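Commentary on secondary and tertiary structure
The residues making up each chain are set out below.
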Amino acid sequence: MTYKLQLQELEKKFGSKSVLNRLSLDVEEGEFMVVLGPSGMGKSTLLRTVVGIEPLDGGKIVVDGEDVTRLPPHKRNIAMVFQNYALYPNMNVYKNIAFPLKMIGESRDVIDKKVNEIAGTLKIADALHQNVTTLSGGQKQRVALARALVRNPKLFLLDEPLSNLDARVRYDARQELRKLQQELGHTFIYVTHDQTEAQSLADRVAVLHNGSVEQIGPYDDLYERPETTWVGSFIGEYPMNIIDGSVIGREGSQIGFRPSWVNEGNDGIQLTVQLCQAAESGFFIMSTMDGKSITIRVQKRHKIGSTMKFSLRRYNVYTDNRLVEEFGK
Ligand SMILES: Nc1ncnc2c1ncn2[C@@H]1O[C@H](COP(=O)(O)OP(=O)(O)O)[C@@H](O)[C@H]1O
Ligand SMILES: [Mg+2]
């Protein structure tokens, strides 16, 4: 297997605070990799070290088999779209997109051809002579993307590029971005704190925790088979329920189950309904068990204050925060 990008045991500290902690990650050619983690987890720092504007304290970055760890940013041929877009406010759209080509000394004709091409692809051809300060959020995002794409680099890093857009525009931009990446066949590393983006964009998702990748795989795998309680709690619209308990004859001291992995019935675990929320796929019942909040999904509506019973159709067993076994179907 040849990888487009290999990150090997990256280390980064700010003072005594370790932000990247032996972080390793391999990204395949043409892959849409989403790095997912809550804010403050080091996502931007990770991208900044890969593009070369933040020095590393340790580790190795390999692009197309070449060790680029000590190369300056302009020799890495990696493009980055920053969260705030970082457009040049005193230039119009055309000049913003043309800028990276001008920096590498492309001719006027080549620049003109490439700028028009990418502006067409991203549907901003009409705005080429507008000043960037007059653009909407969605248009700014396209210009930032166009500026990154125009150079045809080896790798694209995108730092939460949709987070400044309002919900409707964000939804459309997400679809377009995924389509564009598939059409062009580029390798994308996209960081976000937003699970919906991870779910809808990623070929694979790398979950960041404590400075390294805690689990990597297609979103559905992370959802169905979280390998740690942390991933189980972080992934999903509702966190996985994690309760103290053990299964007779099995290792492990905690049991994890998704709200939808239960059956309502006449026996099993009893709980008191504290909230009942209607959803597309039934009703979510919220309650507490041993002082911990718990959510299950059932088919029937229940009155607040009533009691009900459920059994587990499927569950995971964890020990020392690691998944040891998975049961049921
Ligand atoms: N230049 C810096 N100097 C000191 N601390 C920093 C610097 N950049 C980032 N940090 C710290 O590193 C941690 C990770 O930041 P960041 O990479 O921006 O996280 P994310 O992008 O996941 O929100 C945060 O605690 C942040 O305060
Ligand atoms: Mg960030």
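Structure: above.
What you are looking at is a predicted structure, and each value in this text was computed from that prediction instead of being measured. (Residues numbered from 1 in each chain as written. Chains lettered and ligands numbered in written order. Predicted model: local features only at pLDDT ≥ 70, side-chain atom pairs only at ≥ 80, totals over all residues. Heavy atoms only, no water.)

1. Points about the packing of aromatic side chains
The cut-off we apply is this: Stacked, tilted and edge-to-face pairs are distinguished by plane angle, under 30 degrees for stacked and over 60 for edge-to-face with tilted covering the rest, among Phe, Tyr and Trp rings (Trp via its six-membered ring) whose centres lie within 6.5 Å. Only DSSP runs of H or I with at least four residues qualify as helices, and only runs of E with at least two residues qualify as strands; both kinds are numbered from the N terminus onward. Burial classification: accessible surface area is computed with a 1.4 Å probe over protein chains only, and a residue below 20% of its type maximum counts as buried, one above 50% as exposed, and the rest as partly exposed.
Enumeration over the complete set of coordinates arrives at eight aromatic pairs. Between the aromatic rings of F32 and Y190, the centroid separation amounts to 5.8 Å while the plane-to-plane angle is 45°, which identifies the pairing as tilted. Taken together, the residues span a long stretch of sequence, with F32 in strand β3 (residues 32-36) and Y190 in strand β8 (residues 188-192) at a distance of 158 residues. With a relative accessible area of 0%, F32 lands in the buried category. Arranged with centres 6.0 Å apart and planes meeting at 45°, the rings of F257 and F310 form a pair that is tilted.

2. Observations concerning unusual backbone geometry
Even without glycine at this site, K123 takes up a positive phi of about 55°. Here K123 is to be found in the loop between α3 (108-121) and α4 (137-149).

3. Examining the side chain of R76
What counts here: Asp and Glu are treated as the negative residues and Lys and Arg as the positive ones, with His and the ends of the chain left uncounted. Note on definitions: salt bridges are taken to be side-chain nitrogens of Lys or Arg within 4 Å of carboxyl oxygens of Asp or Glu. Pairing of N or O atoms within 3.5 Å defines a polar contact, subject to two protein rules: one partner must be a possible hydrogen donor and the other a possible acceptor, and residues neighboring in sequence count only if both atoms are side-chain atoms.
Relative to the assigned elements, R76 resides in the loop between β5 (66-67) and β6 (78-81). Within the buried core, R76 has no salt-bridge partner, and the shortest N-O distance to an opposite charge, that of D67, equals 7.8 Å. Of note is the side chain of R76, whose polar atom sits 3.4 Å from the backbone oxygen of V68.

4. A look at the packing of α4 against helix α5 (residues 167-184)
Going by this rule: To get an axis, a line is fitted to the C-alpha atoms, and for a helix only the part in contact is used. The angle between two axes follows their N-to-C directions and goes from 0 to 180 degrees. Geometric relationships in this document are graded by angle, where less than 35 degrees denotes roughly parallel, more than 145 denotes roughly antiparallel, 65 to 115 denotes roughly perpendicular, and other angles denote oblique. With the far helix as reference, a near helix turned anticlockwise by less than a right angle produces a left-handed crossing, and one turned clockwise produces a right-handed crossing. The contact definition used throughout considers only heavy atoms, calling two residues in contact when any of these lie within 4.5 Å. Classification used: nonpolar for Ala, Val, Leu, Ile, Met, Phe, Trp, Tyr, Cys and Pro, charged for Asp, Glu, Lys and Arg, polar for all others including Gly.
Two elements in contact, α4 and α5, have axes whose closest approach is 11 Å; the angle formed by their N-to-C orientations is 15°. One finds that α4 runs roughly parallel with respect to α5. In the crossing of α4 with α5, the sense of the turn from one axis to the other is right-handed. Side by side, α4 and α5 meet where G138, Q141, R142, L145 and L149 of the first sit next to V169, A173, E176, L177, L180 and L184 of the second. Residues of the contact of α4 with α5, tallied by class, amount to seven nonpolar, two polar and two charged.

5. Some details on the site of ligand 1
Operational definition: Any residue with at least one heavy atom within 4 Å of a molecule or strand is counted as near it. Shrake-Rupley sampling with a 1.4 Å probe provides the accessible areas, and residues are treated as covered by the protein chains on show and by no other component.
In the neighbourhood of ligand 1, the contacting residues comprise F14, K17, V19, P38, S39, G40, M41, G42, K43, S44 and T45. One of the backbone N or O atoms of K43 is found 2.9 Å from an oxygen atom in ligand 1. Taking T45, its side chain carries an N or O atom lying 2.5 Å from an oxygen atom of ligand 1. Starting from 560 Å² of accessible surface for ligand 1 in isolation, the protein chains cover 58%.

6. What to know about the pairing of strand β7 (residues 155-159)
Using the following cut-off: Strands are treated as partners if at least two bridges between them are detected by DSSP.
Within β7, five of the five residues are buried, which leaves it mostly tucked inside the rest of the structure. Here β7 shows no split at all, with L155, L157 and D159 on one side and F156 and L158 on the other all buried. Bridge count for β6 against β7 is four bridges, and the pairing is parallel. Bridge pairing in β7 places V81 opposite L158. Bridge analysis of β7 against β8 gives four bridges, and the strand direction is parallel.

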